[in-house]
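Reading the structure
Each chain, letter by letter, is given below.
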Amino acid sequence: MSKIIASAAIRGAHKIAKQAEDILSRAIKEKGKDCKVEFPNTGYYIPIIYSMTGIAVEKLADFEDVMKEIKDLLPGLVDDELWTPYLGPTLDAGMATLFAEEIIEACKYLIGPNPVDGIWLGAADDVILRERGIQFVDGTAPGFAAVAGAAPDVETAVNIARKLQERCLYVFMSAHHNGTTFAEQLASGGVQLGWETRLVPFGREITSAIYSLGFASRAALSFGGVKAGDYRRNLLYNKNRIFAFVLALGKVTDEWYATAAGAINYGFPTIADSDIPEILPTGICTYEHVVSNIPHSEIVEKAIEVRGLKIKVAKIDIPVAHSPAFEGERIRKEEMYCEFGGQKTVSFEWLRMREIGEVEDGKVEVEGPDVDSVEAGGKMPLGIVVEVAGRKMQTDFEPVLERQIHTFMNEAQGLWHMGQRDLNWVRISKDAAKAGFKLEHIGKLLHAMYHEQYSSILDKVQVKIYTDEKQVAALREQAHAVYAERDARLAGMTDEDVGTFYSCTLCQSFAPNHVCIVSPERPGLCGAYSWLDCRAAYEIVPTGPNQPISKGNCIEPTIGQWDKINAFVLKTSGGNVERMSQYSMITDPMTSCGCFECISAVLPSTGGIMIVNREFAEMTPCGMKFSTLAGTVGGGNQTPGFIGHSKHYINSRKFIGAEGGIRRIVWMPTMLKEEIKDTFVRRAEEFGLGGEEFLARIADETTAATEEETLEFITKAGHPVSSLEPMF
Amino acid sequence: MDPKQRSSDKAAQEMLKHVNETGLETAWDRFEQQEPQCGFGKLGLCCRNCSMGPCRIDPFEDGPQEGICGANADTIAARNLVRMIAAGAAAHSDHGRDIAHTFKMAVESDSCDYMIKDELKLREVAARYDIKIEGRETKEIAADLSDAVMAEFGKQEGTLVSAAAYPPPARQKVWEKLGVTPRSIDREIVEIMHRTHIGVGSDYKNLVKQGIRASLADGWGGSLIATELSDILFGSPWPIRFGANLGVLDEKQVNIVVHGHEPSLSDIIVAVSQEPELIKMSKDKGAEGINIVGMCCTANEILMRHGIPVAGNFLQQELALMTGAVEVMLVDVQCIMPALGSLSNCFHTKLITTSPKCKIAGAEHIEFEEDRAAEIARQIVKLAIENFANRQGKVKIPNVTEHGIAGFTTENIFYHLGGRFRASYRPLNDNIINGRIRGAAGVVGCNNPKQMHDYGHLTMIKELIKNDVLVVSTGCSAIAAGKAGLMRPEAAAKYCGKGLAEVCETVGIPPVLHVGSCVDNSRILTVLANVVAEGGLGEDISDLPVAGAAPEWMSEKAVSIGMYFVASGVFTVIAEPLPVLGAPNLTRYLTDEIEKDLGGKWAFERDPIKAAGMMIEHIESKRDALGINVEKERKLYDMEDRRALVVE
C-alpha cells in the first residue's frame, strides 16, 4: 500500500463509518430498532456483512453490532513519520468501509433516497444472481469491471463500455465524477443499460459499489458452497474465480480509496485514469494492486492484463462486434432496419450433417435479394441452412448444434434472434445496416463460431441463406420432416434405452462436492444440459466435465440407483455422497450446485410437493422464498424432501417417479404453469390424470399462499394426491 | 585509541572521548591489553580437558601434532567447538526453562503477578504440542502445555515435540537421515560434555554431529520455548515505536537500566514503574519521574512488547554506567561484563544482580523470586529513587537518540501482509518469486571489540538492503540497526534497492525488521518454516533464497545459533572465524562438506561488504535453483486455468 493511498483510504473509511453511524441513527429514530431491514428478495441478508462476519442482519438493531465490528476494524490514521505498518490496517479499513456502505445503502431502502431510481437499479436480487451467476460458473462471463466515476465524455464512456462488453465482462457502475456518471454517459450515448446487456448501473454514490462486491460475495456463498462467516474462503474464491477489477474514472476521493481497499481484499485491483500513486508489488491481488494514469484508449486492455485475465475474443470478419455481452441487447421496432420470420414472413433455420465431400468449408451463399433491397423498417423471408461435416459428427448432435444459431446470432451487436426452427425471428438494427451488415455476414458469423466452439467434432461448415419466398417455403418443408423425425426420436428416448449416463461437474470449480448425473429423462438441473448436450460436450472435450458413466447393475429401479453411478458419484463428490437416486427426492436425492431452475419441496400436510421457479420472487407455501429455499438445497448437500431441478424435468415421465411423479405436485406459480403447460398437459393425460383439469387442480399464488390454503384448495379441487401413500 | 576507530556509533564515540579524558577503562582498553591474543586458542588447538595436559598442537607442523592421549588437531578443535555449543545452548535453554517455570507458576497460582496475556497464541502453541483445544478452559490448556514443555528439557524417551511440530517435513527428514534429530534439550548438552571428556570420541565429524544435535535442541527447542512462552506470558509483540541509544537516559528522571536477557523481572519493573505511588515518590526526591531503559536483550524483550527505549548494545553497557545518570543497573543473566562491578563503585550507580546464577563482585544482590515479583520490583525501583539524590558530579549523557519501529513476529507478519481478512505470507513469497525482494537475511549477534563497534552490522545490512535483500534482525545487531535509523520506515526509500523499497512502501515497514532478543532467533526459524509452507519456494528451508550472518559475534550462544541455522539449511557467514582454523579437516567440513549433509554451511569473512556479497551470491544461486530468476511472462488465466486454481 502506498503511504498516500493508505492514509487516504483510512481517512475515507472513517468518513464513511461516520456517515453510516448517522444514517443508522436517523433510520432507527424514524423506524425504530425493530424495523426489518433487507435488500430486496435475497436469502443472503446484507451480503458482505453476512458473508464476512456471519451476522444475519434482519432488523436495524442488528446493525448496531455491525457498527461495533466496524469500529473494531477501523485503524488509526497513518502517522506522517515513524509510521507503523499500514497494509493490514488499510485492508481492514477497506472491509470496514464496505460494511458501513452496506449499512448506508440498506438504510436508504428504508428512509430514502431509494437506491432504485430512474436508471439506477440498486441491489440485484437472487433471481438475477442465479441467472447471471451461472455465467461466472461456466466462464461465459469471466468477471466484472466495477466502474467508479465517469469518463471525460460520452464517446469515451461508450468506447470503454463496448470494449468491456466485447470481452464478455459485466460492467457494474457506481459513483459520480464531474457531476455525471458513467451510466448516465452511456444512456445519453444511446446504449441500452441493464442486466441483459451486462451494463448494470447500481447507483450515483460510491457506496453503491457494495452491490458489486455483495454480488461477488453471494456468488461464493451460493455457487461456491462457502459458509457465511468463512471470510477467507469467500475472498480467495473471488480472487481465484471471479476476475473482477475496479476502473476508477476521475478524481479518486478518500471514500473511493477506502472502497477500493475493500475491493483489494477480494483480489480485485484498481486501474485508474488519473495520476494517483501505484501499488505494484503483488500478493493480495494476483498481480498489481493499483495501476494509474492509464489513457482511456488502453484502459480496458490494461485492466485485463493487471487482473491476469485471458479472454479469447474470436475475431470474425463481420462489420459489427461480437460478444456474449451483446446477447441481451434488444432491437426495438424503431431501431430496426429489417426483420425476418416472427410469423410475419416465412422463415426457418436448419443444421444438417453432410458427407465430408459435400461441404466446402467457409462457403457462404446468399440466394435471393439482400437486406439493401428493402427500405428501413422492412421485412423479408429467411431460410438459414447450415451444413456441417466432420469425422466425429453424429446426427444426434444436429439439434444441439442447431440451437447454437440462436446464441451465435444474438451475440453479434445489432443482430437480434429469437425462437428456433421455423419459429425463428431475426432483426437487424439500423446501426448494423449502416455499418455494412449484409446477409452473407450471418453465414460468416456462423461459420466462424461453429469452428470456434466445435472444432473437435466439426471439420467443415458451409452456410446457405435464402430470401426468395418460394425457395424458403420449399426448403422449410424439407426441414419440417427432419424436425418431426428428431422429435420422435427424442421423445421416445428413455433412460432404459441407454447404457450410459453422463456426469456434469462443470460447477465443481464453484461447488466442489456437487455432481450432476444427466440421463435422457433427467436433464441437468440448470436446464442447459440435456443428455445429448453432454454427449456432444464429451466428444468436443473428452477430458471435460461431462464424462460417460456406464450405469452398471440396477440396484433399485423405482428410485433409480445403479452401482456404477453410485461409485462414480462417491468418487467425484470427494467421498461426500455415497448413494444418489435419479428418480427420488426422498431417498438419497441428487445434490444441487446452486444453478437450478426450480426447487421442489415437500409440503408435509398436503402429502404433495410444491415447485417454485427461480423467477418467482414471492413467498411460497412452505414459508420460504426461492432465495431462502435455495440456501437449503444448494451447496452440494443431500437434503431429503428438497431437490433442485430443471424445468424440463417436471415434464419427464421419470419426474420423482419413486414418489408418484407429477401426481404429487400441489402448488406451482402461474408463470411456471404457463411455461410448461403444453407438454405437462400431454403428460398428465398420459398418466390418466386428465390434462387441463389436472393442471387446474394444482394450486398457485392466486389461490393459495400458505400450506394450509394449499391443502384447502386441493381438497376442494379433488386433487389425486389424497389417494397416494404418504411420502415419508 | 581514537574513539572513531573503536565505534561507528556517535553516542559511543562521544562517551569514549569522555572516558579517555576521565581515565576510566573499557572493554576496548582491556582488549588492547590482551593483544597479542593466544594463537593456539584462536585456532582451537589447545586442549585442557584433562590434567595430563594442557596440550597443544603446533599449527606449523614442526612440533607435536597430537596431544598426550593422541587427540589430533581436528579432534581437539571439534571438542572445543562443541563445548562452545553446549554452553550456548545451555544459556538459551536455561533461559527457556526459567520462563517455563514462571509459566507453570502463573498457570497454577491465582494470586501471582504473572498471567496469560495472549490466549490466542497459547492455543496455537498448544495445538503444535498436540494438546486438545476445543471446548477447554484456558487454564486447562495452559496446564497441559506447561507439562508438555517442561518434559522437553529432561525427558528420557522420544524426540523433541517442537522439532517435529515446527520445521518443514523435508527438514525433519534431513535430520533423521543424518541422525541428529534432537531428543531432549538437556540430554544433548550433557552428551556433549560426556563425548568431549578424555578418552571418549575422537572422530571430529561424530563430535560435530552432537554439536548439531544440541544446537537444534536449542533453536527448535529451548530458545523456541523461551520465545513462545514469553509471548503467551508477557503478550505477543506488535509493531511499536522505540527510542534508541544513550540519549534515552534522562538527566531529570530516575534512570533504571535493565540489562541481561530475561523478561520476567524487567516486564514487572516496567509495570510497577508506572504506579502513581512510585512516580510520586520519585518526584518527592526531586526527579521528574522514573525512566526505564534497556540494555542488550533484556532491552529487546521490553522494547518489543512495550516500546521501552534501549540505551545500547553489548559494548555500550559500561558507557551507560559512565554517564553518571544511572541510579540502578539491574542485571539478570548473560553478557553482563564483570567489569561493571568495579566500575559501578566509581559512580553512585547501584549494580544489582538478581539471579542466583549470576552474582558479581562489587554488586548488590537482591534475589528475584517469581512468586514475589512485584514486591521485589517495587523494592528495586524504590532503591533507585532513593539513589537519585546520590548522583555525583556532572552527568554526561550524549544527546543522541534515534527512533524506529520494532515488534515483528512470526505470527503478526500474517496480519501485516493481508489484514484480518486476507492474512498470509503470500505477498512475501510472491515478491521473492517475482524478484522485487531477492531474498532475506538474518543479521544477528553481538558486539566484539575486534571489529569496530556496530560497523560490521550496519555496513552489511546497508549492503544487503541496497541489493533488495530484506533483513530481519535480533539481539545486539538489531539494536545497532535501530540506533542507525535503519528501523525507521523512512529508511526504505533512503537505503533500499527499488524492489525492496516498493515492497516496504506497500506494507509500511522498515527494511530491517526487529524480531526480538537472541532467543528470538527462533522466530527467524519459524518465519522460514512459514515461508516454506506458503509455497512456491521449494520444500525445505535449504531451498529458500536466504542467508544468515553474525558480523560481530563473540558469545558461545552465537556459535549455537550459527550451528542451528546451518543445520536448518541456512548459509551462515560470521566475521571472526570459529576457533577451528588449526584443524584443516574440521574447517573443510564446516565450511564446505557439511552442506551435503544439511544444506547449509559456515563461512568466515571479516569484511562486511564481502560477506554481504557472499550472502547475495548464495541467495542468487538458490533463486537460480528454484528457477525464479528466469524472466517469466505474465500468466493470464482463462476459464480452464481459473478452474485449476485452488480455493483454500
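Residues numbered from 1 in each chain as written. Chains lettered and ligands numbered in written order. Predicted model: local features only at pLDDT ≥ 70, side-chain atom pairs only at ≥ 80, totals over all residues.

1. Side note on the interface of chain B and chain A
Counting residues at the interface gives 38 residues for chain B, matched by 42 residues for chain A. Of all the secondary structure elements, the ones that give two or more residues to the side of chain B that touches chain A are β10 (402-406), α18 (412-416), α19 (419-422), α20 (426-433), α24 (498-507) and α29 (639-644) of chain B. The element that contributes the greatest number of residues to the side of chain B that touches chain A is α24 of chain B, accounting for five residues. The residue inventory of the side of chain B that touches chain A, partitioned by class, reads 15 nonpolar, eight polar and 15 charged. (Contact = placed C-beta atoms within 7 Å. Helix = DSSP H or I, 4+ residues; strand = E, 2+ residues; numbered from the N terminus. Nonpolar A, V, L, I, M, F, W, Y, C, P; charged D, E, K, R; others polar.)

2. Some details on the sheet that holds strand β2 (residues 170-174) of chain A
Residues and elements named next belong to chain A. On the basis of which strands lie adjacent, the open sheet formed by six strands has the order β3-β2-β1-β4-β5-β6 and parallel pairing. Every other strand in the sheet has two partners, leaving β3 (199-203) and β6 (290-291) as the edge strands with one partner each. Pairing analysis gives five bridges linking strand β1 (residues 144-149) to β2, with the strands arranged parallel. Looking at the pairing, Ala146 lines up with Phe172 of β2. (Pairing = 2+ DSSP bridges.)

3. Let's talk about the domain arrangement of chain B
All names here are of chain B. Once the domains are mapped, chain B shows domain 1 (3-56), domain 2 (73-234), domain 3 (246-388) and domain 4 (417-626). Placing the centre of domain 1 and that of domain 2 at their C-alpha centroids yields a distance of 33 Å. Taken together, the contacts link five residues of domain 1 with nine residues of domain 2. (Domains from an automatic or database assignment.)

4. Examining the environment of His296 of chain A
When you line up the elements, His296 of chain A lands in the loop between β6 and α11 (299-307). Contacts of His296 of chain A, omitting those with residues within four sequence positions, involve Ala151, Thr156, Ile160 and Asp273 of chain A.

5. Quick notes on the pairing of β3 of chain A
Note on strand geometry: in a regular strand, side chains alternate between the two faces of the sheet. All names here are of chain A. With five of five residues buried, β3 is to be regarded as a mostly interior element. Across four bridges, β2 lies against β3 in parallel orientation. Each residue of the ladder has a partner; that of Met173, found in β3, is Pro201. (Buried ≥ 20, exposed ≤ 12 C-beta atoms within 10 Å, placed from the backbone.)

6. Considerations on the domain arrangement of chain A
Accessible area lost during the coming together of the parts is what is often quoted as the interface size. All names here are of chain A. Splitting chain A by domain gives domain 1 (3-307), domain 2 (324-484) and domain 3 (496-723). The gap between the C-alpha centroids of domain 1 and domain 3 is 36 Å. Counting residues at the interface gives 15 residues for domain 1 and 23 residues for domain 3. Considering each element in turn, the side of domain 1 that touches domain 3 owes the most residues, six residues, to helix α5 (residues 126-138).

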